[in-house]
Amino acid sequence: MDRIIISGGHRLSGALPISGAKNSALKLMAASLLTEEPLVLENMPRLADSRFMAHLLAHLGVVAEEQPGSKLKLEGRALESTTAPYDLVRKMRATFNVLGPLIAREGRAKVSLPGGCAIGARPVDLHLKALEALGARIELSEGYVNASAPAGGLTGARIVFPFVSVGATEHAMLAAVLARGTTVLENCAREPEIADLADCLNAMGAKVSGAGSPTITIEGVSSLHGATWAVVPDRIETGTYAMAAAAAGGDVTLTGVRPAHNAALWADLREAGVTVEEGEDTVRIVRDGPIRAVDMQTAPYPGFPTDLQAQFMALMSLAEGASVIRETIFENRFMHAPELSRLGARIDVKGNEAVVRGPAALKGAPVMATDLRASVSLVIAGLAAEGETVVSRVYHLDRGFERLEEKLSACGAVIRREREPV
């Protein structure tokens, strides 16, 4: 098992490239199940999670071929299985999204109920109810979802989500594109990754409109063809490195980004005294003076992303004054607070609210990652801390950040990876 060692106190400067979005790439990979023809994904991040998904798709009969230039070719000409076993699904929740495409294309599927990060209950009820609305017969047995479509295939339906769910919105889209008739999804999530999935499906011959708004309309088609599609830049990686630059201080230009996708974060960073200069596909982050405390509340897009909450908490530990952070998306998502406190952060957590009092004089210490976003918040704090910070259990980090040490080192960070001592 690896660990990351950071010598803090070094300002960051230079250009830092942003990879394709993990949260989009995994669902785009699942879309390869909907066609016999090749789907080529460009700007594809090389991550532990994408490897997990590739292993599952290979089990189902999709041939995955990594190509030069961050490309991934997926071809499911003849699917060999419609069963996604527990050992291939348990590692992350996104693998569950193969269920809808399998039902839509093959008429049946057996998929294990998912696992994933321990950041609160994230039930799949909305996914299953959406598939049932399209005509699928669902049976739960021994930890598996056994599903089948009627003889004539899935049929379009009007589906109203009782609350906004990114995963359920994407899953319903993946199934409905091959359903007969029209499907209308209401109270949809509006994240950029959903629009990216819709645009890719349309490039494959689907008829999806309204993605990025609360109502998505899908005119079913009989089949999809292959396509080449570039994965949207990762707004979570963009925001993470922006806060790393703000915490360490310096002048960093993030390249290959979609600035509009992080509008909520830019507003808060500017309020905190950080200079944010947005270009067409770049964002420059400059921080020379003190950081001011800012209150923040997570919310569905276009609000502040829950996946940037831990990173923002690390930044606010350096701010002058007290900031209140409210987590409204997931329960149990303040597990990074005790580890940040080991570095000297002053954080009081009560329910879904954390009060961060700064500025803290952070000092390096051994800390342990608890989930993907928590792990990178410890890296951010380590960049600003005096002395050496050792972050253990970084396999969490490898699920969502490509070449993190390389990207930060190129901007002046003193950071390295090594094997944990036995």
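Now for a look at the structure at hand.

Cut-offs used in this document
Residues numbered from 1 in each chain as written. Predicted model: local features only at pLDDT ≥ 70, side-chain atom pairs only at ≥ 80, totals over all residues. Heavy atoms only, no water. Helix = DSSP H or I, 4+ residues; strand = E, 2+ residues; numbered from the N terminus. Core = buried A, V, L, I, M, F, W, Y, C linked by side-chain atoms within 4.5 Å. Buried < 20%, exposed > 50% of the residue type's maximum accessible area, 1.4 Å probe, protein only. Contact = heavy atoms within 4.5 Å. Salt bridge = Lys/Arg side-chain N within 4 Å of Asp/Glu carboxyl O.

**Points about unusual backbone geometry**
Then comes step 1: Cis rather than trans, the peptide bond between Tyr-301 and Pro-302 has omega equal to 15°.
Then comes step 2: Relative to the assigned elements, Pro-302 resides in the loop between β18 (296-297) and α10 (309-316).
Then comes step 3: Look at the link from Gly-358 to Pro-359: it is a cis peptide, with omega at 0°.
Then comes step 4: Relative to the helices and strands, Pro-359 resides in the loop between β21 (353-358) and β22 (366-368).

**Quick word on the nonpolar core**
Then comes step 1: By size, the foremost hydrophobic cluster in this structure holds 73 residues, and its most contacted members are Met-29, Val-98, Leu-99, Met-173 and Leu-201.
Then comes step 2: Setting aside chain neighbours within four positions, we find Leu-201 in contact with Ala-31, Leu-34, Met-173, Leu-174, Val-177, Ala-206 and Leu-224.
Then comes step 3: Judged by nonpolar contacts, the second largest core, of 67 residues, contains Ala-242, Val-274, Ile-347 and Leu-378.

**Some words on the pattern of salt bridges**
Then comes step 1: Counting across every chain of the model gives 26 salt bridges.
Then comes step 2: Measuring nitrogen to oxygen at the nearest pair gives 2.4 Å for the salt bridge that ties Glu-170 to Lys-27. On the criterion of sequence distance, the pair formed by Glu-170 in helix α6 (residues 166-176) and Lys-27 in helix α1 (residues 22-31) is long-range, its members being 143 residues apart.
Then comes step 3: Relative accessible area serves as the criterion here: at 1%, Glu-170 is assigned to the buried category.
Then comes step 4: Residues participating in the shared-partner salt-bridge network are Asp-2, Asp-398, Glu-405, Arg-417 and Arg-419.

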